[in-house]
Amino acid sequence: MATLESLKRALRQKAKAIASTPEQPLSDTEYGAGFDILVGDSGWMTYQDFIVPQLSQLLIALLTSRIHISVLEIGPGPKSVLGYIPDHLRQKVRKYTAFEPNDLFATRLEEWLCCTSETESPLPHLENPPNIHRIPFALKDKIESGVSTRIGNDDERYDIVLFCHSMYGMKPKRKFIERALEMLVERPQGGMVVVFHRDVALDLDGLVCHLTASFPAGVVRVLNEDKVLDCFAPFVAGFTMQNVDVDKVRYEWRKECRALGRREEAHPDHILFSAPNIMAVFTQHATALPELTAQVPLIEGDKLVKNREARLYSPASIIRPTDVQQIQQCVQWALKHRVGLTVVGGGHSGHCLWPNVVSVDMGAFDQIHILPAGLDGGDLVSDSDPLVVVEAGCKVGNIIRKTMAAGVTVPLGAGPGVGAGLWLQGGIGHLARCHGLTCDAIIGAVVVSVDSSQVFYVGCVPSQHRPAGAVRPKNESDMLWAIKGAGTNFGIVVSVAFRTYAAPTYLTRNWVLPLSDNLDARLRLNDFDNLFARELPRNCSADAYLYWDAGRMQLGVTLFESSTTNSTSATPTPGGVIWGSEGDCKVVDGVELFETEMYVSGMHGGHGSGKTSSFKRCLFLKRIGEANVADRLVAAVESRPSPLCYLHLLQGGGAVGDIAADATAFGCREWDFACVITGVWPRDQDSTEVAQSAVRWVYNVAGDLLSLSSGVYGADLGPDPRDAALAAKAFGPNLPRLARLKRSLDPHNVLAYACPLPKTPLEQKLIILVTGKSCAGKDYCADVWVSEFIKCPNKSITARVVSISDAIKRDYATATGADLSRLLLDRAYKEQHRPELTMFFEEQVRQRPRLPEENFLNVVNGAADVDVLVITGMREEAPVAALSHLVPNSRLLEVHVQASEQTRRIRRGYHDGDNNDDGNKDGKTSESNLTPLNYSPLIFNNDTTGNEEAKRFAKHYLLPFFHEELQRLASMVRLIPDFPRPGIGFRHVLGISQQPGGLVLCTSLLRKHFTNDWAKVYAVACCEVGGIVFASALASQVGVPLLLIREAGKLPPPAVSVAKPPSNISSLASNNENEKRIEMARDVIPRGAPVVVVDDVLASGKTLCAVLELLEKTGIVAEDVSIMVVAEFPVHRGRELLRQRGFGRVNIQSLLVFGGE
Ligand SMILES: Cc1cc2nc3c(=O)[nH]c(=O)nc-3n(C[C@H](O)[C@H](O)[C@H](O)COP(=O)(O)OP(=O)(O)OC[C@H]3O[C@@H](n4cnc5c(N)ncnc54)[C@H](O)[C@@H]3O)c2cc1C
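Residues numbered from 1 in each chain as written. Predicted model: local features only at pLDDT ≥ 70, side-chain atom pairs only at ≥ 80, totals over all residues. Heavy atoms only, no water.

## What about the overall build of the chain?
Threshold: Each helix corresponds to a stretch of at least 4 residues labelled H or I by DSSP, and each strand to a stretch of at least 2 residues labelled E; elements are numbered beginning at the N terminus. Computation of the radius of gyration draws on C-alpha atoms alone. For the globule rule, the value is 2.2 Å times the number of residues to the power 0.38. Burial status follows relative accessibility: with a 1.4 Å probe on protein chains alone, a residue under 20% of its type maximum counts as buried, one over 50% as exposed, and anything between as partly exposed. Any two residues whose heavy atoms approach within 4.5 Å are treated as being in contact. Methods summary: accessible areas were calculated by the Shrake-Rupley approach with a probe of 1.4 Å, and residue burial reflects only the protein chains presented. Counted charges follow a simple rule, with Lys and Arg positive, Asp and Glu negative, and His plus the chain ends left uncounted. Just so you know, the charge point we use is NZ for Lys, CZ for Arg, CG for Asp and CD for Glu.
A tally of regular secondary structure across the chain gives 38 helices and 44 strands. On C-alpha atoms alone, the chain measures out to a radius of gyration of 34 Å, which is about the 32 Å that the 2.2 N^0.38 rule sets for 1157 residues. Here the chain holds 1157 residues, and the buried ones make up 56% of them. Sequence separation of at least 24 residues holds for 77% of the intrachain contacts in the chain that already meet a minimum separation of 6. Summed over all atoms, the accessible surface of the chain reaches about 47100 Å², with 51% contributed by carbon and sulfur. If you average the places of the 120 positive and of the 131 negative side-chain charges in the chain, the two averages end up 2 Å apart.

What follows is the structure in structure tokens.
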């Protein structure tokens, strides 16, 4: 299937070859007809599946720093793409300008944007009518020279400038993007120019993009009829012909379309063209490249990376640092300008270069050092064998050659030209069964952090190979763990230290077995798996190839037997018995071994003497001889699109499986064979339908085998969306940990184009409910807090304010005919409607008692993409107790904004910042109601002017929820499945104290997170073992006595006691747990003394209720008590129980919140 781009080239060539008259520009009607074909039907999928969702994401991101958006759209066509984004985003567009030179389109666009008596405008909240310029978007010099008309105010600025249709007709594209960049608002920062472009090659001559995404699966389906092709072909070519040439060219163009388009059984009347699409987003930093190239050299000449797909991309630049400091400069530059980087090792992956992204070529780091075993500065760097320090620009072949000369080796892969990507992501080779994967041999590494640009060394790195200034990072063990299998995602690796093994020689034996039919193929695979491979000792490994040659399917088998004793006598294997004597048998060393690979020497005449290109994906399989697996493997080869495609099965087991799945990041350890699905085509067919169908075949086979596989090899997976499903199965059980580490080690996503890891929401979403009386400044504070989250250094936190009362206003406007925009924006109008609005709401709740909960969930679900959601306009009393069980995976927090009556009166008069007061819980009586709250939210006193206090509040009370220490604490709570009974997932909170440093960390967090003053606390109370462990450590740290509450009968008299129902977990463990009594000493604490109750868990709240009743009996009332728990489980509604029992005014804080039991 030709791409539209190659069709365009072919059509143009054809016209040039046969026409004698000049080309004619398309008329508006001709352009419109072609455009309609392009975006109609199948072409629309690109919008639906790619452009609209990507654009929506961008707008959501923009809205974290601004309330409204202004848009300039270049060449929108008859209908802006904004018409398809979700309602809540369209409503944020306040200004819309377009340049649409096609008159017909401009008229249709204007009509579409108008609201009529029946329909609302698609952009309903524009402050002024849309501004549609019926001229092309022109460069400034053109405007100034009078070639193009100057329009409107040249100082107009926009939050987003959008090119949705491939920058049609704009050349040079870089200049147009630069012009658009000049039109971005300066404040608030973050404005962006967004380009959607057909075809991945978007050469912008060094412009650096902030973000990209690709949609390789885009297809345009065109009705195979003369009159349709006669509209479509000129549109694709970009011109038409005149006079005598019209019919001649038309005829040839139809032929060309039919020759290049693909037919599909499902659509026999259509021809299909591939229309991959790419999005590139530019910010004001797009032109920052010279700043980097002034510090770090560019590669000399053209870099020809090995991978053919990667060669198609136009990176912003490829730079070649020559020392570690220059790598640091690259990272500093990327962090400063908020752009990503790719890293080039051996250049074998399809994403080592990426369009409009700067690539860091590690080629200058090409040293290999072999060091004797022993101690270095007190560290054991290697026990018996030497170790080798390999810089990140080295290739497999060089390492083997150099180590072999010293009599040792590293277990590496089979391709001599492959680079660091192999050992950082796994490394499967013929010694894997003997010594494990390449990443298992890593004992240390030097890494430039992509968070801080610091140079770290982790594990064992001999002192002479630690760059000056390199330090051990705080999270060293995490980093070393991650490098061993997922090492392309967490930093730029400068070098690694490997343990080595004695260099072996290899005896290789080959069998080639022609297969008579599918049944024969299956039986042979079964023999290979069960009778042959399974019987092999660890020093042997068997590869199988399933391929098509000489008109039939073939099974090729190679046996590699390694030996360090120089003996050439081969271990007898069952191969001879099953298949007869092998074709050839050789003894080779590690370097010669590369040439023995069957795909290099044996199959398909050695693959056209190397004049082929390939595309691979690799899955892990068990029991390949079993019918369900073998049948699919055979079917895969049968469906090959070109004779050169094959499956390569590399044997696992042995030492690969000796290592626990979670011991290194490479989490897929349970497999018998790595199945490399290899799409191959002649090199001169690169970028043609032949190449594309081989790639499609690889993905189809991978998709088909995925459900049978026990994992996926992460190497080679990249940002291509077709890799997403495979990446989700790479790394086995380690994916959640890797996702968390990605967030902490690469928080700005500098390495955005490596093997994709799922984007974790932060450990917990934080939902802040901002409550308070009218004019206390709730909205103002909410905005300040959101911007503090967004600005939070070293974290990429997304945050947004949403008013929960907007939904009610919308319903009210529909029911009463009130003007919704004015209700939302016009304070006086809203005040006028306030009484009716309140009555309306109350009536709605009477009819639908769950309405508040529904509204709350709607707001939360609508903001699934942000880490912090700040909700204003709440009406519930004690909303955390009432609602937290609905969002059990999130931390729900109420901040009550207070201001004196006088301040509020002044603000009512002068300050319009708080324009969303209808959520005050005081309702109609808010002005006179001075009764204190009968529960205990977090209070912010907002009497001072300016935002400094609000910022300080955020720093002290809100931002700490994102502190990495809290996340570290969370990671110490293990999830134990099926405990205490099947179906229950038990969070072992008390287990924190059993982890190194766990108790110290937890105690210090309890101390720091307490929102009151420790100096005023009289005692720390605790009950049962969970509480005692944490409370006693805390009490000793803050220097107050411990108040022990124990099971009745365990404390000497005099004591007070109350009944205590079984705790949540004991009731889960046993159905007949009886109620007990708990007691405390009677006179150890004076009446009214402030007490902090510490417990490990707040679940149903029954234990804490009993404790509070006990304290009450001794004269300590709710107002004097605070509760601090290590972990809360909101599903059990503990807060609500405490409130119902009259303890609503107790201040409750929890360090962690967990969604499950
Ligand atoms: C011919 C051939 C043979 C192969 N044989 C084997 C084999 O026998 N065993 C096996 O396991 N795999 C094999 N592979 C797969 C191979 O491991 C992957 O393609 C690997 O990603 C290639 O690494 P590279 O450095 O050559 O490629 P690159 O494209 O340069 O790098 C791959 C990835 O690693 C990242 N990266 C590279 N260097 C660094 C660094 N210093 N710091 C951080 N990230 C970095 C890149 O950014 C990219 O994401 C083979 C591939 C080919 C094409």
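## Observations regarding the pattern of salt bridges
Convention followed: What counts as a salt bridge is simple: a side-chain nitrogen of Lys or Arg found within 4 Å of a carboxyl oxygen of Asp or Glu.
This model, assessed by the stated rule, comprises 50 salt bridges. In this structure, Asp226 and Arg258 form a salt bridge, with 2.8 Å as the shortest nitrogen-oxygen distance. Taken together, the positions of Asp226 in helix H8 (residues 226-237) and Arg258 in helix H9 (residues 245-260) put the pair 32 residues apart, joining distant regions of the chain. Judged by its relative accessible area of 36%, Asp226 falls in the partly exposed class. Under the relative-accessibility criterion, Arg258 is labelled partly exposed at 25%. Note that Asp631 is salt-bridged to Arg522, the shortest N-O span being 2.8 Å. With Asp631 in helix H21 (residues 627-638) and Arg522 in helix H17 (residues 518-532), the pair connects residues that are 109 residues apart, well separated along the chain.

## Let's talk about the site of the ligand
Worth spelling out the cut-off: Note on terminology: near, applied to a residue and a molecule or strand, indicates that one of the residue's heavy atoms is within 4 Å of it. In protein, a polar contact means a hydrogen-donor-capable atom and an acceptor-capable atom, both N or O and within 3.5 Å, with residues adjacent in sequence counting only if both atoms are side-chain atoms; elsewhere, any N or O pair within 3.5 Å suffices. For this classification, the nonpolar set comprises Ala, Val, Leu, Ile, Met, Phe, Trp, Tyr, Cys and Pro, the charged set comprises Asp, Glu, Lys and Arg, and every other residue, Gly included, is treated as polar.
Among the 30 residues in the neighbourhood of the ligand, the closest are listed as Val343, Gly345, Ser349, Ala414 and Asp716. Here an oxygen atom of the ligand sits 3.2 Å away from a polar atom, N or O, in the side chain of His351. Contact between the ligand and Tyr713: an oxygen atom at 2.7 Å from a side-chain N or O atom of the residue. Counting only elements with at least two residues in the shell around the ligand, the list comes to strand S12 (341-344), helix H14 (420-425) and strand S21 (491-499). In the shell around the ligand, the residues fall into 14 nonpolar, 14 polar and 2 charged.

## Digging into the side chain of Arg433
Its location among the elements puts Arg433 in helix H15 (residues 432-435). Asp672 provides the closest opposite charge to the buried, unpaired Arg433, separated from it by 7.6 Å. For Arg433, the side chain forms a polar contact with the main-chain oxygen of Cys540, separated by 2.7 Å. Contact partners of Arg433, with chain neighbours within four places excluded, come to Leu536, Pro537, Arg538, Cys540, Ser541, Gln651, Gly652, Gly653, Gly654 and Ala655.

## Side note on unusual backbone geometry
Look at the link from Arg187 to Pro188: it is a cis peptide, with omega at -10°. With respect to the helices, strands and loops of the structure, Pro188 is situated in the loop between helix H7 (173-182) and strand S5 (192-198). Of the consecutive residues Pro1053 and Pro1054, the connecting peptide bond is found in the cis state with omega at -5°. With respect to the secondary-structure elements, Pro1054 resides in the loop between strand S39 (1042-1047) and strand S40 (1055-1060). With phi around 60°, Asn356 is a residue other than glycine that occupies positive phi space. The phi torsion at Cys775 lies on the positive side, around 65°, for a residue other than glycine. Following the sequence through the fold, Cys775 ends up in the loop between strand S31 (765-772) and helix H25 (778-791).

## Considering the sheet that holds strand S13 (residues 358-361)
Put simply, the rule reads: In this description, strands pair whenever DSSP reports at least two bridges between them. Axes here mean lines fitted to C-alpha atoms, for a helix over just the part in contact, with angles spanning 0 to 180 degrees between N-to-C directions.
As summarised here, the arrangement of the 3 strands in space is S11-S13-S12, forming an open sheet in which the pairing is parallel. The sheet is open, and its two borders are formed by strand S11 (317-319) and S12, each paired with just one other strand. When the angles between neighbouring strand axes are averaged without regard to direction, this sheet yields 25°. In this sheet, S13 lies alongside S11 in parallel orientation, the contact comprising 3 bridges. Residue Ile318 lies in a different strand from S13, and its bridge partner there is Ser359.

## Looking at the environment of Arg1082
By secondary structure assignment, the location of Arg1082 is in the loop between strand S41 (1076-1081) and strand S42 (1091-1098). Given a relative accessible area of 44%, Arg1082 falls into the partly exposed group. Sequence separation of Arg1082 and Pro1053 is 29 residues, and the distance between their C-alpha atoms is 7.9 Å. Look past the residues within four positions of Arg1082 in its chain and what remains in contact with it is Pro1054, Ala1055, Val1056 and Thr1114.

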